[in-house]
Each structure stands twice: as C-alpha cells, then as structure tokens.
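Structure assessment
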Amino acid sequence: MTVYGSFPGARPRRLRTTPAMRRMVAETRVHPADLILPAFVREGIGEPVPITAMPGVVQHTRDTLRKAAVDAVSAGVAGIMLFGVPEDAKKDAIGTAGTDPEGILQVALRDVRSEVGDDLVIMSDLCLDEYTDHGHCGVLDESGRVDNDATLERYAEMAQVQADAGAHVVAPSGMMDGQVGVIRDALDTIDKEDVSVLAYTAKYSSAFYGPFREAVGSSLQGDRKTYQQDPSNARESLRELELDLAEGADMVMVKPAGPYLDILAKVADSVSVPVAAYQISGEYAMIEAAAEKGWIDRDKAILETLTGIKRAGASMILTYWATEVAGWL
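Everything quoted here is computed from the prediction, not taken from an experiment.

Right, let's get into the overall build of the protein chain. Within the protein chain, the regular secondary structure consists of 11 helices and 10 strands. The globule rule puts the C-alpha radius of gyration for 329 residues at 20 Å, and the 21 Å found for the protein chain is close to it. Projected onto its principal axes, the C-alpha coordinates of the protein chain cover approximately 80 × 45 × 40 Å. Per-residue burial for the protein chain yields a buried fraction of 50% across its 329 residues. Across the protein chain, every contact between residues at least 6 apart in sequence was considered, and the portion connecting residues at least 24 apart equals 74%. For the protein chain, the exposed surface amounts to about 15,000 Å²; the carbon and sulfur share of it is 51%. Averaging the coordinates of the 32 positive side-chain charges in the protein chain and doing the same for the 50 negative ones gives two points 11 Å apart.

So, in structure tokens, the structure goes:
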C-alpha cells in the first residue's frame with residue numbers, strides 16, 4: 001500500500017504542472033492596489049529632468065506630475081508619494097521652503113489634489129532634508145548635530161501646511177524621536193483629524209539611498225547615522241514600532257525593502273495596522289543596470305522582488321515601477 005504522506009505518494013510537483021495550476025494555488029499575489037508611486041517634482045524647470053542613476057525616472061515639472069498622477073489612477077495604483085525639490089537658492093539652515101505654503105511640495109500637492117481628487121491617495125514626504133542647505137533631516141545645533149526637539153517644531157509646521165495643501169497622508173521620514181505624536185497633535189489642532197500618518201518606523205542608514213540623493217538634489221554633508229537605524233539591529237525596529245503606534249501612527253513603514261525583509265516580516269507579524277515597504281532607489285537602479293547589460297530578465301526580476309516584499313508581509317509597496325507594473329497586472 002502506498003503511503004501518501006511521503007514520496008512516492010506525495011508529489012508536490014503536481015501543483016506546478018501548468019501555468020493555470022500555478023496561478024490557482026499561488027499564495028501571494030501583487031495587485032495594483034498594493035502599489036504606491038514615489039514621484040519627484042522640481043521647482044523652476046520647463047521640462048522633466050532625467051535622473052541619471054535611475055533610468056526611466058525623472059524630476060517632474062508641475063504639469064508632468066499631474067499627468068503622472070492621472071496615469072497612476074488609470075493603471076489602478078493606490079497612491080502617490082510626493083517629494084519636493086526646491087531651487088538651491090531657497091535652501092537654508094532650517095528648511096524654510098518646506099513650510100512655505102507656496103513651497104514646491106505644497107504647490108504640487110494642490111496641483112495633484114485638484115487633478116485627481118480622492119481617486120488617488122496623495123501622500124507627502126514630511127522631512128527637511130530636501131530643503132536644508134546642509135542636507136540633514138532636521139535643524140542643527142551649535143555643534144552641527146541634529147537637534148531632535150527643535151526639529152519636531154519644524155515637523156509640526158510641515159504637517160500642517162501639507163495637510164492644508166491637500167495631502168491625504170503625511171509621512172514623517174526623518175527618524176526623530178517623538179515625531180509621530182507631535183505631528184498627530186499638530187494635525188488635530190487644525191481640525192485635520194482625517195489626515196493619516198504613515199510613520200517611517202524602521203528606516204535604516206543604508207548604502208542603497210545613493211541614487212535618491214541625485215533625485216532630490218541633496219546637499220547632504222556627512223551622514224545620517226545618528227538618527228537612522230543601524231543595519232545591524234533588528235530588535236531596535238520593534239522598539240521604534242511600539243513607540244510609533246503609541247504616538248498614533250495609522251500605518252508604518254520599513255525602508256529599504258529588499259535588504260530588510262526579515263525586519264518587514266517581524267513588523268508585519270507584530271501589528272494590526274497596514275505595513276508599507278519602500279523599494280528604494282538603489283534597489284531600482286541595480287535591476288535596471290543589470291537588465292541593461294542583459295544579465296537578468298528585467299520584468300521577471302521586478303515582479304519577483306515585488307512578490308518577495310508582499311510575501312514578507314507588506315500590505316503596500318512604494319516602488320518606482322508602480323504604474324508600469326500595475327499595467328502588467
């Protein structure tokens with residue numbers, strides 16, 4: 001008599017025999033509604049500016065950003081995360097352009113909200129690094145170190161102007177202690193209780209951010225190791241998670257995605273709120289570069305990485321391929 005709990009009775013390959021069979025038993029599926037498109041809008045340009053290290057990604061004009069938002073809606077993408085790139089002359093020590101109602105990000109938020117309304121979840125990066133002349137995510141003290149509490153005051157102002165400009169979601173990415181609670185209070189103070197907070201809960205100090213620095217015209221001097229997480233630490237991310245949830249985070253994020261799938265899985269297993277993962281610029285650039293050389297199949301590699309991120313527990317994925325991949329799906 002054949003024993004069906006082991007070979008030769010048990011043959012897992014039976015469930016891999018045809019494409020239809022594999023589709024039917026697939027445990028993980030990426031859907032357009034899982035995807036969020038990060039997009040850059042640059043002040044003072046008349047045409048989109050290609051980002052050298054990210055083939056196919058540009059710094060948008062206000063007009064092309066509107067079109068990108070419409071295209072994302074048409075493809076079924078869930079959201080768009082906006083990053084502003086101000087003129088260099090407008091950068092200063094405290095990132096004034098980041099809280100100016102007429103600053104590039106606030107203008108772009110109004111543009112996109114007027115173009116697509118509520119058909120796309122409009123998210124705004126809430127950080128000072130694009131707007132400071134030193135490129136750090138906060139205000140510096142006399143010794144040149146980021147002053148956590150002084151920075152929180154600036155974040156509160158940023159949250160309010162971004163919400164006023166039409167953001168459905170604000171996403172504090174600076175990894176300042178207490179940032180979620182301060183931002184939540186600032187929003188509630190101006191009757192913006194419906195604006196959500198997507199916390200960059202576990203944002204690691206990563207070598208994979210390189211192309212992003214070009215994308216936002218970063219003026220960074222030094223590094224961000226005193227406030228972003230150390231790549232060697234895992235338990236620390238769960239402590240950050242506890243704090244963010246206690247302060248009122250509606251959603252949480254792990255960034256980068258690919259090198260930190262273990263962290264993503266730990267976070268996803270620990271919470272009942274939506275979990276985002278950001279497939280960052282370096283992850284994008286590596287696949288595009290290898291595909292350009294013919295070393296990998298570009299489209300299959302993209303889908304495989306996104307499936308891996310979803311399988312690890314992400315309910316939302318920020319990826320520069322969002323609109324393209326949504327079209328495939």
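Past the structure itself, the notes keep going.
Residues Ile80, Met81, Leu82, Tyr155 and Leu198 are the most contacted members of the largest nonpolar core, which totals 92 residues. In contact with Met81, other than residues within four places in its own chain, are Ile36, Leu37, Pro38, Ala39, Met123, Ser124, Asp125, Ala171, Leu198, Tyr200 and Leu318.

Attention now goes to the pairing of strand β1 (residues 35-42). Most of β1 sits out of view: 7 of its 8 residues are buried. In the sheet, β1 pairs with strand β10 (residues 316-318) via 2 bridges, with the strands oriented parallel. By the bridge assignment for β10, Ile36 is matched with Leu318. In the sheet, β1 pairs with strand β4 (residues 79-85) via 7 bridges, with the strands oriented parallel. Each residue of the ladder has a partner; that of Leu37, found in β4, is Ile80. The sheet contact formed by β1 and strand β3 (residues 58-60) spans 2 bridges and is parallel. By the bridge assignment for β3, Val41 is matched with His60.

What counts as what
Counting restarts for each chain: residues are numbered from 1 in the order of the written sequence. Restriction of local features to residues with pLDDT of at least 70 applies here, the model being predicted, together with a cutoff of 80 or more for giving and counting side-chain atom pairs; totals for whole chains, interfaces and linings are based on all residues. For the side-chain quantities, the full set of heavy atoms in the structure was used; hydrogens and water were omitted. Under the scheme used here, helices are H or I runs from DSSP no shorter than 4 residues and strands are E runs no shorter than 2 residues, and both carry numbers assigned from the N terminus. When we talk radius of gyration, it's over C-alpha atoms, and the globule rule is simply 2.2 Å times the number of residues to the 0.38. Burial classification: accessible surface area is computed with a 1.4 Å probe over protein chains only, and a residue below 20% of its type maximum counts as buried, one above 50% as exposed, and the rest as partly exposed. Residue contacts follow a heavy-atom distance rule, with two residues in contact if any of their heavy atoms lie within 4.5 Å. Throughout, the Shrake-Rupley method with a 1.4 Å probe supplies accessible areas, and for residues the shown protein chains are the sole cover considered. Only four residue types enter the tally: Lys and Arg on the positive side, Asp and Glu on the negative side; His and the chain ends are excluded. The location of each charge is read from NZ of Lys, CZ of Arg, CG of Asp or CD of Glu. In this text, buried Ala, Val, Leu, Ile, Met, Phe, Trp, Tyr and Cys residues form a nonpolar core when linked through side-chain atoms within 4.5 Å. Should DSSP find at least two bridges between two strands, the strands are taken to pair.

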